[in-house]
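Structure assessment
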Amino acid sequence: MTDVRPATAADLDAIVEIHRVAFGRDAEADLVRRLVAAGRASISLVAVDEEDTVVGHVLFSPVTIEEGDDGKSLGLAPVAVHPDHQRQGIGHDLVEEGIGACFVQDARAVFVLGSPAYYTQFGFAKASAHDLRDAYEGGNAFQVLPLTIDGLTGYRGRVDYAPEFAAEGL
């Protein structure tokens, strides 16, 4: 049984380690550190077990949109669950709770570059269908979830994640 709660500064080392072991490299762990240090962790949630040990993490940070940017959209990345706790629905819970937190923060849309087979269950759809593209040429893997009645009205062009994503290794 796990709970999802907002991450605290005291969780950072555990969060970094979760990303390191889940991805088997340092890139995502370093990205989390850079986003937190730059104050760009708009939403950061952890999944904790019964002993309050961090077993998963999700982070949302601001994105910029080439046309129509109003500062109200976020990018979902990265998300990780410790390998010992994978395939138990923890990642699903983190993403679901994170999207709920985006609503609370009055975000207008959430973008993700990930598996369409996984993220469509949350309502994500191809961003290219809305004349939106990413710098990574993610194709169908670049997806968007509108969160407001205005949806994606006025949004067009390239969507850029925070500058911290441009570092080598990602």
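Residues numbered from 1 in each chain as written. Predicted model: local features only at pLDDT ≥ 70, side-chain atom pairs only at ≥ 80, totals over all residues. Heavy atoms only, no water.

Observations concerning the overall build of the protein
As a reminder of what qualifies: Note on conventions: DSSP H or I runs of at least 4 residues are helices, E runs of at least 2 residues are strands, and numbering of each starts at the N terminus. C-alpha atoms define the radius of gyration, and 2.2 Å times the number of residues to the power 0.38 defines the globule rule. The buried label goes to any residue with under 20% of its type's maximum accessible area, the exposed label to any with over 50%, and the partly exposed label to all in between, with areas taken from a 1.4 Å probe on protein chains only. Each accessible area is a Shrake-Rupley result for a 1.4 Å probe, and residues are judged covered by the shown protein chains and nothing else.
Of regular secondary structure, the protein possesses 4 helices and 10 strands. Traced from its N-terminal end to its C-terminal end, the protein shows the element sequence β-α-α-β-β-β-β-α-β-α-β-β-β-β. The C-alpha radius of gyration of the protein comes to 15 Å, within 12% of the 15 Å expected for a compact globule of 170 residues. Expressed along its principal axes, the backbone C-alpha trace of the protein runs to roughly 45 × 30 × 25 Å. For the protein, with 170 residues in total, the buried portion stands at 41%. A total accessible area of about 8,400 Å² is found for the protein, and carbon and sulfur atoms account for 49% of it.

Overview of the sheet that holds strand S2 (residues 43-48)
Within a sheet, neighbouring strands are paired by backbone hydrogen bonds and run either parallel or antiparallel to one another. Put simply, the test is: We treat two strands as partners when DSSP finds at least two bridges between them. It only takes one pair of heavy atoms within 4.5 Å for two residues to be counted as in contact. Fitted lines through C-alpha atoms serve as axes, helices being fitted only where they are in contact, and the angles separating the N-to-C directions of these axes extend from 0 to 180 degrees.
Taken in spatial order, the 7 strands line up as S1-S2-S3-S5-S6-S9-S7 in an open sheet, and their pairing is mixed. Each edge of the open sheet carries a strand with a single partner, namely strand S1 (3-6) and strand S7 (125-126). Here S7 pairs with strand S9 (residues 142-146) via 2 bridges, running antiparallel. Paired with Lys126 across the two strands is Gln143, which belongs to S9. On the sheet, helix H3 (residues 90-104) packs against S1, S2, strand S3 (54-62), strand S5 (73-81), strand S6 (109-113) and S9 and is oriented at approximately 145° with respect to S2.

Quick look at the pattern of salt bridges
Test applied: By definition here, a salt bridge exists when the distance from a side-chain nitrogen of Lys or Arg to a carboxyl oxygen of Asp or Glu is within 4 Å.
For the structure shown, the criterion picks out 11 salt bridges. For Arg5, the salt bridge is made with Asp52, and the minimal N-O distance between the two is 3.4 Å. Here the residue Arg5 occupies a position in strand S1, and Asp52 occupies one in the loop between S2 and S3, the gap between them amounting to 47 residues. Note on Asp52: relative accessible area 45%, which makes it partly exposed.

Focus on the side chain of His57
Definition in use: Two N or O atoms form a polar contact when they lie within 3.5 Å of each other; inside protein one atom must be a possible hydrogen donor and the other a possible acceptor, and for residues adjacent in sequence the pair counts only when both atoms belong to side chains.
Mapped onto the elements of the fold, His57 is located in strand S3. Of the polar contacts made by the side chain of His57, one reaches the side chain of His19; its length is 2.8 Å. Excluding residues that lie within four positions of it along the chain, His57 makes contacts with Ile15, His19, Val32, Ser44, Leu45, Val46, Pro78, Val79, Ala80 and Leu94.

Points about the layout of surface pockets
The condition is simple: Here a cavity denotes a set of grid points, spaced 1 Å apart and computed over the protein atoms alone, in which a 1.4 Å probe fits but from which it cannot get out, and a pocket denotes an open set meeting protein on both sides within 12 Å along at least five of seven lines; residues with an atom within 4 Å of a point are reported as lining. Grid points are joined across faces, edges and corners, and a volume is the space filled by probe spheres set on the points.
Space inside the largest pocket adds up to approximately 730 Å³. Along the wall of the largest pocket there are 29 residues; nearest its centre are Phe23, Pro78, Val79, Leu113 and Tyr119. With 6 residues, S5 is the largest single contributor of residues to the lining of the largest pocket.

Overview of the sheet that holds strand S4 (residues 64-67)
Strand order in the open sheet formed by 3 strands is S4-S10-S8, with mixed pairing between adjacent strands. Edge strands, defined here as strands with exactly one partner in the open sheet, are S4 and strand S8 (132-134). The average angle at which neighbouring strand axes cross in this sheet is 25°, direction not considered. By the bridge criterion, 3 bridges tie S4 to strand S10 (residues 156-160) in an arrangement that is antiparallel. Bridging from a neighbouring strand, Thr64 pairs with Asp160 of S10.

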